[in-house]
Every structure is written in C-alpha cells, then in structure tokens.
2 protein chains.
Amino acid sequence: MIDPTSSLRDELDRVGEWIVRYFEHPDSYRVMPQVRPGDVVAALPAHPPEIGEPFDAILADFEQIIVPATTHWNHPRFFAYFATSAAPAAIAAEALAATLDVKAMLWRTSPAATELEEVTMRWLGELLGLPPAWTGIIYDTASIAGFTALAAAREALDLAIREEGMIGRALPPLRIYITQETHSHVEKAAIALGIGQRNVVRVPCDDAFCMRVDALRACIEADRAAAMRPLAIVATVGSTSTTSIDPVREIAAVARDFGVWLHVDAAYAGIAAIVPEFRSLLDGVDLADSLVVNPHKWMFVPMDLSVLFLKDEAVVRRAFSLVPEYLTTPEADAVNYMDYGLQLGRRFRALKLWFVLRRFGAEGIRERLRGHIALAQEFAEWVNAEPEWQVLAPHPLSVVCFRYAPAGLDDASLEALNASIMHAVNATGEVFISHTKTNGRYAIRLAIGNLRTQLSDVRRAWEILKREAASAAVPRPR
Amino acid sequence: MIDPTSSLRDELDRVGEWIVRYFEHPDSYRVMPQVRPGDVVAALPAHPPEIGEPFDAILADFEQIIVPATTHWNHPRFFAYFATSAAPAAIAAEALAATLDVKAMLWRTSPAATELEEVTMRWLGELLGLPPAWTGIIYDTASIAGFTALAAAREALDLAIREEGMIGRALPPLRIYITQETHSHVEKAAIALGIGQRNVVRVPCDDAFCMRVDALRACIEADRAAAMRPLAIVATVGSTSTTSIDPVREIAAVARDFGVWLHVDAAYAGIAAIVPEFRSLLDGVDLADSLVVNPHKWMFVPMDLSVLFLKDEAVVRRAFSLVPEYLTTPEADAVNYMDYGLQLGRRFRALKLWFVLRRFGAEGIRERLRGHIALAQEFAEWVNAEPEWQVLAPHPLSVVCFRYAPAGLDDASLEALNASIMHAVNATGEVFISHTKTNGRYAIRLAIGNLRTQLSDVRRAWEILKREAASAAVPRPR
C-alpha cells in the first residue's frame, strides 16, 4: 500500500513546479473554457477509488481535466464581475496556513492566528483611515460579514430577539433600507434573519445610481408613521453593478437622526481608500456602525478573506456568543473569535493578508490600484470617443459599464445586440467580460483588478469588442 | 522597489522546504505554546509597512514569531477537542486552489470546481452509504451547514417567512428539539433565524447521553397541544462532548409521525461510517432530511470543508436563491452553488477532498480510522484498569472522557483536582488535552484523530496524566 504521508517533499515540489509554470503564462489558457455542463463529471470516475493512487496520477488528472475546465481568474484578460488575482506570497501563505491547520476558534487553540488577526486588522484599519477604536474581524465572505452586521443591528435594538425569537410577540416590523444597486447578500440576510423580503425597502436612486438621501428620509418617516421600526440602512461604496457610491456622510446624518444602524458595504471599493486621492471614498464612514471591505477582491489575497469593521464589537458578541463547557478556557483576557459569528472553527486567514501587506507594502498596493483605475479610465475614454458606443454609468474606479448603441435601435434591440456581442467576445476565449443592467438598460461590464493586466490586455479587449460588434447581426431599426 | 510578483519560484521553494522540515518533526514543538495573551501583538509592529519587504524577512518572522506562538494541531500528542491533521496531498491541493483562486459561485465562473464538487459529493455519499438520490453540498463549517439545514427546514414549512418575515403574523412559535449534548451551533442558528433560544427544546438524555425518544415524543406532543409548531429535530451522531450517538432510526420515526424535519449532525463521527464495522453509525439516516459530516475533522482535509447532504436540495434553493441581473447566465442546465446558502463566493474546496480520496483511497482512510478507534479503546482500558481513575462516558469511537477520582472526594473537589491535572499536563507542552462536563461531572477528554499519532504517543499522555495526578494537591475528603 502506498503511504500517502511519506512523500510530502516530492508532492510539494511537483505542485510548486506546476504553479510556477502556470503563472509564467496564465494567458496561454482560454479565459473561459470550452466546456459544457456535465463534461467534467463525465470525464471522472463514477465511484471513489478503493486503493490509494500515486500523486502523479492525481496531478495529471488535475492538469488534463480540471485546469482545462477552469475559468481562469488569473488570466490578464479576465474582466468579468470583479477581476481579482492572488499575490504569489499569499499563495505561499495559504500553503503555510493549510500546514498549520489551526482551528482559530479560541485564543488557546491558535494564539498566533488570533493575535495576527488583531495586528493585521489594526494595520488595515489604519491604511483605510478608520477610527483607531474600531475593531476589525475576519470572515470568509462579505455575505457572512454583512449578515453578521445585520444580526448585530437586530441585537442592538434590545428587543430580546436572541432569547424570545420574533414570533408571537408585540414587535414592530423591522425595516432595512437599501437601493436597487445594493448587493443581494443583504436581502439574503433579511430572509435568513426572519425580517422578510417585504421589509427590505428599496430607496430610489439618483441618475448616478446612488441612494437619494431625501428619499431615504421619507421612507424612514413613512415607516415610523406606520409603526414600523428601522433596523438598518445599508449604504454601498462601489456597488457591484456600476461601482456607484452612496453619499455615506449624508446617509449617516439620517441614521443619526433616527437612531438607525448604518452598515457600509465597501467590499470592492473600500480597499481603494488606502490610496490618498481615493481616501474620500470612505468619507463619513466614521459615523457608521459597521463596514465591510474584501481584501480578497482588490488586495491580491486569494479567496476567502472579508473584513467587518465595527464601531462596537461588543454587540456582535452579544448577538452570537455561546460558550459550551468544552470550550471554556482559563485565559480570561484573550479574544476568542468564535464569539463573533455563526462559525465556530476558523481558518488562519490573517496569515495571507499579513504576507501581502508586508510583501507589497502600502505603496506597492497603492501603485497597483492606481494602475487599475487609470486603465479603466483610459478604456472609458476609448468608448466615449466612438459615436456608436455609450458609457452607461459613472466609472469612478476600475469598472466601466457600456454598450454598443448604433443609432435608431430601442433598448430591447440593444439588449439583444449587446448580449450577443458579449457572448461572441467570451466565446473567443481571449477575453472574459460580464454584464449588468443600468436603469433597465443592458450594459457590458469591463472590470479591472488583476495584478497581471496591462494596457495591451485592455486594448485587446477593446479590439475584440469592436470586431464582434461590427460583425454582429444588427437588428433592423423598429 | 521590490516586485512582489516576480519571485514566485523562490517563494514557493522556501515555503515548501519549511513545510517539509515542519512535518519531519512536528513533535519537536510544544503542543500548546508558552505565550500569554498579547505576546504576539507586542512582538509585531504597530503600523503596516510602507515599502514592500523581501520574502525572507516575512518568512523569518513567521518562523520566529508565529510558529512558536502556535498551538500545533499537527503534533502527534494533540489530543484536545477533536484531534485533526491535514494530509500532505491536501496541503498541496490547497496551494493549487489558492493559485486558481476561482470564485465558485456560478458554473461559468468555475466549471471544474462546480463539477468536481458534484463528483466528490457522490463519492463521499457512496462511501457513507447514503441514498444515491441525496445531494451533497460543500460549506465552510458545520455551523454554516447546520444553519443552512435549519433555514431549509423553516422554508419547508411553507409559512412565507422568506417573503413576509416572522413579525406581526399569525405564526405559531417554531420549536427545535435538541439535547444538552447538541453542538452549540444549533442554538446559534436558532438565534440568527429569529426562532429564539427559548424555542430550542432540550430533550432529556439517557445515561449514555443519548436523546430519549419517549421524551422527544412527549415534548413534541406537549408543544403541539400548546399550539406550537415543531420546526426540526436535531439528532447527533458523535456529540462533541462525549461522542454519544442519538438513536437516529427511532428519532426518524417520531419525525415522520409528526411531519418534522430531521437533521443529523454527524460532523465528527459520520466519517467513520465509511468503515464497514461502523456503518451502523448512520443507521436510519436515510430517513432523515439532512446530514452534516466534516471531512476537515476526521478525513485529513485541512480546515475548512463541511458537507451538508440533503434529501431534497430544492428546498435549500427555495430558501436562499436570489439572482441579481449581473449573475444571470446562459447555462440553464448548470448547478450554480451560490443558490445554496448565504455565501455567494466560494473557494474551490472540492479539490483537497478529491486529492485525499484518491491519494488514500477508501481503504487508506478506513485503515487510519480503525487505528484511531483502536488507540482510544486501548487508552480506555488503561483508565479502567486503574482503581483511582474513572471512565465517565461510553467511548464508541476515538474520544475518551475520564477523571482521576481518588476515593472520598465529592464532584466539586474532583472538578478542581482534574482541572488542575489538565492544566499541569498541558503546561508540560508535551501533550494537549481538553475537558468537558458529563452530567455535571468534570471530565478530561482525550481525542485521537491525527495521522501521526502512534501508540507511544497515547502511552506518553497516560504517563504524564498519572504523574501529574500523583503530584497534584489532592484536597482533603470532606
């Protein structure tokens, strides 16, 4: 029998070689693979192996079955969703974290993981210009971090929901204020928390897709007049669709006036506040109660690492802390991160953030963010310069929403046309883009965020877009 | 300026060398480090670096600050909580997953990750003897998997809670049935879901810490008579405290009689069902609605990878699916895992499970689980053979709960005595154990689950336990 624990050195060497080869030419792959649903399942055995296999056989299948069926987020022409990439040092750190494999639930199960989280959170808070008294906590995703913030907001109402639940009690309906641009995780959280979708209020936006503060105030006033209780306002800094930026400072004034929890979702864009000329992105956040930023989005940290900053961390503990006997510890003065959320066990996520912060330094990160933003601005200029193309939303950061809009076509025809252009572009395998809708208008999105993306990559995307638009079957004007 | 993307080969080589050296002698470290809360924070700079640093400097700090302040879960004498360890192939797979760094929310963002999850889930389900029609889905932790199961159970009630919420409606109180031995994540889920702690019903246990089925039936009947609505029964196979095993088949009969969702939490022990002589652990699970098992606990997969198996996955989608425009895709026939829970982005977790299943083969895993169970049984015999020591709970698997119990001492004195023995043992740095309470009696727990643990390690733990007991200040009999 093979001893699967004896060949570590060889296995790490082989994998290290593969990783190095991969990153020499991530652009040698198609960005989006040419596979259909079911292809990978069909290529793999229906039953698990009874006897252990040599590592080489597994790695060979990884290379021949998995990699060719992977959408390559590291490809320099991955421009879809939010483009990301992992720094080499962070990949090395992930291997170290998997090696130590601590379960960072208690200080005593992982003193270094617990305290490195404290240190990196202070560093990140300082880089973002947050009040020093705020507490940062690492979660897996912005969805969980945002859920946790809303659970804390519910606990902060002091309605004894933790103990008594929400059914059969004389509670007012709890209301959460978002906009059409707010990330879907907020509505998911409202569902999970028993708030209900109908109590998620969509405040109207202005023409730039930003929350209208007058409308927010009117919504809250109307709800209070109807004996409803505002639970939280969620402001977005860098919405997923267009990277629109809600006016946090003005929203905070409304939140203060009505005593409502203000959560700021800056999962993507918040990181840019470490660049001095973009520090204003987080203007007013010091008046909020909580903030999410995602180092795994735009800080070269591999998935997953999302950060929730809190003005008052105690309320999260009040919402979630539950300590069974077998997890009681003698260290009365230590932080036990299991007290801060649903999850008990936690990976050593701070390690990869520490490696990236040190390897790049603040300046190294700033330089790359500036580069990404400059590339997006240049792309937007190219689009604006072409009469048949339209930019569809402000583009303050590294995402541009646009469409091909030859004269005389209505929005429905343009939707079909641009969807076909997008699919044609993606089918080349050279470029991967995605779409959204801006005020009901179908928009192609080009997002820049990969360490390896150069001007030539953006230029190539533009060439292919124009080529596919030129050869697309333009519907007759109606 | 240092280019932090150019030195990948060297960084991976350095880290690979470190990992190999580490695993040559994980027992050269103290299991639990000699640090106090604050030591690591004090050893690190208060502010983030402005300029990027050489990788060597970071790795040196990792070795000199982080590793010595780490509790070493890989140490062969880590016997606390649930002992775990990561297979080398799984560590290599984690490096590959961090490299590809896909966000596995949609099939099209990660076809291979999506389909390898389907394949490994079928393999695992087959190894566990689950009905082939069940669907396995990977989550980060059992806490989230269990939360998801309970959210699905709530949705399955068809009370329009997703849409309307739980406040101000003519809903019956929803009740969840557990025992004093049930993992704390169930109560956390009840808090989060708005059920409330008071609606978590603790059904009495028998002498073996197992749910009493007659008492369960009585609780449900009383609640129904009081116009309450049973939401879910949570049965545990391998409780965290003593590894007690609730009678799932009989509980399932009660669940069927009353039409209640049955969730089985087998996070630790369920994996052992792949060993034929322990297949009976999951007896009756086919009658349940959902099941959690944790490959990151006892299957040599590093944190985090927990699996939720579902009889009917559609109800989870009903509970959670929400698709914003920018995540709509043309592949109508593909699985998009973002539809199955709170989290949108997901790591490529299936990869490490695939590597372990193939590298060990089912036989390789079974052999190790048998070995761990045999070691625990042998340890329990040693304890039983000593008149002054007591085994405090049945020990069907790889965990033994026991105490030093010289004659004439009451439970309170024995608690102080055994707590001091445990702390003395842990202070040696040679062994790490933890504690629990069994029916109010303080118990030391010895848990076996590490790939590197040998008989000699267990023997050494026993020597140290006896030595520390002999030198402990035994209180005067009252």
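A brief look at the structure comes next. Note that the coordinates shown come from a computational prediction; the quantities given were computed from them, not determined experimentally.

**Some details on the relation of the copies chain B and chain A**
Then, in step 1: With an RMSD of 0.0 Å, the operation that places chain B on chain A is a rotation of 180° combined with a shift of 0.0 Å along the axis. The operation mapping one copy onto its partner corresponds to a two-fold rotation axis.

**Regarding the packing of aromatic side chains**
Then, in step 1: One pass over the full model with this rule turns up 43 aromatic pairs over all chains.
Then, in step 2: Ring geometry for Phe147(A) against Phe147(B): centres 5.7 Å apart, planes inclined by 70°, an arrangement best described as edge-to-face. Here Phe147(B) lies in helix H6 (residues 142-156) and Phe147(A) lies in helix H6 (residues 142-156), a pairing that spans two chains.
Then, in step 3: Classification of Phe147(A) as buried rests on a relative accessible area of 0%.
Then, in step 4: Pairing Trp389(B) with Trp462(B) gives two aromatic rings, centres 5.0 Å apart and planes at 70°, and the pair type is edge-to-face. Residue Trp389(B) is found in strand E8 (residues 389-391), and its partner Trp462(B) is found in helix H15 (residues 455-471); the two are separated by 73 residues along the sequence.

**Concerning the interface of chain B and chain A**
A common way to state how big an interface is: give the accessible area lost once the parts meet.
Then, in step 1: If you look at the interface, chain B gives 164 residues, while chain A gives 164 residues.
Then, in step 2: Buried surface at the junction of chain B and chain A, both sides included, amounts to about 14,600 Å², of which 64% is carbon and sulfur.
Then, in step 3: For the interface between chain B and chain A, the tally reads 17 salt bridges.
Then, in step 4: Counting the contacts that link chain B with chain A gives 75 residue pairs in polar contact (both at pLDDT 80 or more).
Then, in step 5: Ranked by residues supplied to the side of chain B that touches chain A, first place goes to helix H13 (residues 350-385) of chain B with 14 residues.
Then, in step 6: Here the residues of the side of chain B that touches chain A sort into 88 nonpolar, 37 polar and 39 charged.

**A few points about the pattern of salt bridges**
Then, in step 1: Taken as a whole, this structure holds 75 salt bridges over all chains when the rule is applied.
Then, in step 2: One salt bridge in this structure joins Arg349(B) and Asp304(A), with 3.3 Å as the shortest N-O distance. Of the two residues, Arg349(B) is situated in the loop between helix H12 (314-320) and H13 and Asp304(A) in the loop between helix H11 (295-298) and strand E7 (306-310); the pairing between them involves two chains. Like Asp304(A), Arg349(B) is buried.
Then, in step 3: Sharing partners across several salt bridges, the network here consists of Glu94(A), Asp304(A), Arg347(A), Arg349(A), Lys352(A), Glu94(B), Asp304(B), Arg347(B), Arg349(B) and Lys352(B).

**Concerning the sheet that holds strand E11 (residues 441-447) of chain B**
Residues and elements named next belong to chain B.
Then, in step 1: Overall, antiparallel pairing links the four strands, which are arranged E8-E9-E11-E10 in an open sheet. In this open sheet, the two strands that pair with only one neighbour each are E8 and strand E10 (434-438). Strand-to-strand twist of the sheet, defined as the mean angle between neighbouring strand axes without regard to direction, takes the value 40°.
Then, in step 2: As paired strands, E10 and E11 are joined by five bridges and run antiparallel to one another. Paired with Thr438 across the two strands is Arg441, which belongs to E11.
Then, in step 3: Contacts from helix H14 (residues 411-427) reach strand E9 (399-404), E10 and E11, with the element oriented near 30° to E11.
Then, in step 4: Docked against the sheet, H15 engages E8, E9 and E11, running at close to 130° with respect to E8.

**Quick look at the state of the cysteines**
Residues and elements named next belong to chain B.
Then, in step 1: On inspection of all chains with the given rule, the structure shows zero disulfides over all chains.
Then, in step 2: In this structure Cys205 is not part of a disulfide, and its nearest cysteine sulfur, from Cys210, lies 7.0 Å away.
Then, in step 3: For Cys205, a relative accessible area of 18% corresponds to the buried category.

**Things to note about the sheet that holds strand E11 (residues 441-447) of chain A**
Residue and element names in this part refer to chain A.
Then, in step 1: One open sheet holds the four strands; their spatial order is E8-E9-E11-E10, and the pairing between them is antiparallel. Looking at strand neighbours, the two that pair on one side only are strand E8 (389-391) and strand E10 (434-438), the edges of this open sheet. Ignoring strand direction, the axes of neighbouring strands in this sheet form an average angle of 40°.
Then, in step 2: When E8 meets strand E9 (residues 399-404), the two strands line up antiparallel, connected through three bridges. Its bridge partner lying in E9, Val391 is registered against Phe402.
Then, in step 3: With respect to the sheet, helix H14 (residues 411-427) is in contact with E9, E10 and E11, its orientation differing from that of E11 by roughly 30°.
Then, in step 4: Of the strands in this sheet, E8, E9 and E11 touch helix H15 (residues 455-471), which is tilted by about 130° from E8.

**Considering helix H13 (residues 350-385) of chain A**
All names here are of chain A.
Then, in step 1: Taking 1.5 Å per residue, 36 residues should reach 52 Å; H13 reaches only 44 Å between its end C-alpha atoms and comes up short.
Then, in step 2: Residue Gly361 marks the point of greatest curvature in H13, where the axis turns by about 85°.
Then, in step 3: Most of H13 sits out of view: 26 of its 36 residues are buried.

**What about a negative patch on the surface?**
Then, in step 1: A contiguous patch of negative charge, built from Asp10(A), Asp13(A), Glu17(A), Asp10(B), Asp13(B) and Glu17(B), is present on the exposed surface.
Then, in step 2: For the negative patch, the elements supplying multiple residues, two or more each, are helix H1 (8-24) of chain A together with helix H1 (8-24) of chain B.
Then, in step 3: As for its position among the elements, Asp13(A) is in helix H1.
Then, in step 4: Since its relative accessible area comes to 40%, Asp13(A) is described here as partly exposed.

**Details of helix H4 (residues 88-100) of chain B**
All names here are of chain B.
Then, in step 1: Its 13 residues give H4 an end-to-end C-alpha distance of 19 Å, which sits within 8% of 18 Å, the value for a rise of 1.5 Å per residue.
Then, in step 2: Burial analysis of H4 places 13 of its 13 residues in the buried class, the great majority of the element.
Then, in step 3: Once H4 finishes, Asp101 follows within two positions and takes phi at roughly 50°, a positive value.

**Considering unusual backbone geometry**
Most peptide bonds adopt trans geometry, and most residues besides glycine take a negative phi value.
Then, in step 1: The omega torsion of the bond from Met303(A) to Asp304(A) falls at 5°, within 30 degrees of zero and hence cis.
Then, in step 2: Positive phi, normally seen in glycine, also occurs at Ala227(B), with a value near 65°.
Then, in step 3: Relative to the assigned elements, Ala227(B) resides in the loop between helix H9 (213-225) and strand E4 (229-236).
Then, in step 4: The residue Asn439(B) is not glycine, and still its phi comes out positive at about 50°.
Then, in step 5: Relative to the helices and strands, Asn439(B) is located in the loop between E10 and E11.
Then, in step 6: On the basis of relative accessibility, which here comes to 51%, the residue Asn439(B) falls in the exposed class.

**With respect to the packing of helix H4 (residues 88-100) of chain A against helix H3 (residues 55-66) of chain B**
Then, in step 1: For the pair H4(A) and H3(B), interaxial distance at closest approach is 12 Å and the crossing angle is 15°. Considering their axes alone, H4(A) and H3(B) lie roughly parallel with respect to each other. Between H4(A) and H3(B) lies a crossing of right-handed hand. Contact residues: Ala89(A), Ala92(A), Leu96(A) and Leu100(A) in H4(A); Phe55(B), Leu59(B) and Phe62(B) in H3(B).

**Considering the side chain of Thr84(B)**
Then, in step 1: Relative to the helices and strands, Thr84(B) is located in the loop between H3 and H4.
Then, in step 2: By relative accessible area, which is 2% here, Thr84(B) ends up buried.
Then, in step 3: A polar contact of 2.8 Å, which involves the side chain of Thr84(B), links it to the side chain of Lys103(A).
Then, in step 4: The contact partners of Thr84(B), leaving out residues within four places of it in the chain, are Asp101(A), Lys103(A), Trp73(B), His296(B), Lys297(B), Gly449(B) and Asn450(B).

**Remarks on the nonpolar core**
Then, in step 1: The biggest cluster of nonpolar side chains holds 246 residues, and the ones touching the most others in it are Phe62(A) and Phe62(B).
Then, in step 2: Contact partners of Phe62(B), with chain neighbours within four places excluded, come to Leu96(A), Leu100(A), Leu351(A), Trp354(A), Phe355(A), Trp18(B), Val67(B) and Pro68(B).
Then, in step 3: One finds Tyr139(A), Ala232(A), Ala153(B) and Ala190(B) within the second-largest nonpolar core, a separate group that totals 84 residues.

**A look at the side chain of Asn336(A)**
Residues and elements named next belong to chain A.
Then, in step 1: Mapped onto the fold, Asn336 is located in the loop between helix H12 (314-320) and H13.
Then, in step 2: With relative accessibility at 12%, the residue Asn336 sits in the buried group.
Then, in step 3: A polar contact of 2.7 Å, which involves the side chain of Asn336, links it to the backbone nitrogen of Trp107.
Then, in step 4: In this structure, Asn336 is in contact with Met105, Leu106, Trp107 and Thr329, ignoring residues within four places of it in sequence.

The rules behind the values
- Chains are numbered independently. Their residues run from 1 in the order of the written sequence.
- Each chain is given a letter, starting from A, and each ligand a number, starting from 1, according to the order in which they appear as written.
- Thresholds applied to this predicted model are a pLDDT of at least 70 for local features of residues and 80 or more for the giving and counting of side-chain atom pairs; totals over whole chains, interfaces and linings are not thresholded and use all residues.
- Side-chain figures throughout are based on the complete set of non-hydrogen atoms in the structure, without hydrogens or water.
- The superposition of copies rests on a least-squares fit of C-alpha positions from residues with pLDDT of 70 or more in both.
- Under the pairing criterion, centres of Phe, Tyr and Trp rings, with the six-membered ring standing for Trp, must be within 6.5 Å; the plane angle then separates stacked pairs below 30 degrees from edge-to-face pairs above 60, leaving the rest tilted.
- Numbering goes from the N terminus for both helices and strands, where a helix is a DSSP run of H or I of at least four residues and a strand is a run of E of at least two.
- Residue burial is assigned from relative accessible area. The probe radius is 1.4 Å, only protein chains are included, and a residue is buried under 20% of its type maximum, exposed over 50%, and partly exposed in between.
- Throughout, a contact is declared for two residues whenever any of their heavy atoms are within 4.5 Å.
- The term buried area means the drop in 1.4 Å probe accessible area that two parts suffer when joined, counted for both and summed.
- For this analysis, a salt bridge means a side-chain nitrogen from Lys or Arg found within 4 Å of a carboxyl oxygen belonging to Asp or Glu.
- We call two N or O atoms a polar contact when they sit within 3.5 Å, provided that within protein one can donate a hydrogen and the other can accept it, with sequence-adjacent residues counted only if both atoms are side-chain atoms.
- Polar here means any residue other than Ala, Val, Leu, Ile, Met, Phe, Trp, Tyr, Cys and Pro, which are nonpolar, and Asp, Glu, Lys and Arg, which are charged; Gly is therefore polar.
- The rule for pairing is simple: two strands pair if DSSP sees at least two bridges between them.
- Simply put, an axis is a line fit to the C-alpha atoms, just over the touching stretch for a helix, and the angle between two N-to-C directions goes from 0 to 180 degrees.
- A pair of cysteine sulfur atoms is labelled a disulfide when the two atoms are within 2.5 Å.
- Every helix has an expected span of 1.5 Å times one less than the residues it contains.
- Two axes define the bend at a residue: one fitted to the seven residues ending there, one fitted to the seven starting there, and the bend is the angle between them.
- Candidates for patches are residues over 30% relative accessible area with no salt bridge; among them, like charges are joined within 9 Å and nonpolar side chains (Val, Leu, Ile, Met, Phe, Trp, Tyr) within 5 Å.
- Note that accessible areas follow from Shrake-Rupley with a 1.4 Å probe, and for residues the cover is restricted to the protein chains shown.
- Asp and Glu are treated as the negative residues and Lys and Arg as the positive ones, with His and the ends of the chain left uncounted.
- A charge is said to be at NZ when it belongs to Lys, at CZ for Arg, at CG for Asp and at CD for Glu.
- Roughly parallel here means an angle under 35 degrees, roughly antiparallel means over 145, roughly perpendicular means 65 to 115, and every remaining angle is called oblique.
- It is the rotation of the near helix from the far one that decides the hand of a crossing: anticlockwise by less than a right angle makes it left-handed, clockwise makes it right-handed.
- For this analysis, a nonpolar core means a set of buried residues of the types Ala, Val, Leu, Ile, Met, Phe, Trp, Tyr and Cys, connected via side-chain atoms within 4.5 Å.

Don't take any of this as a statement about function, it's just geometry.
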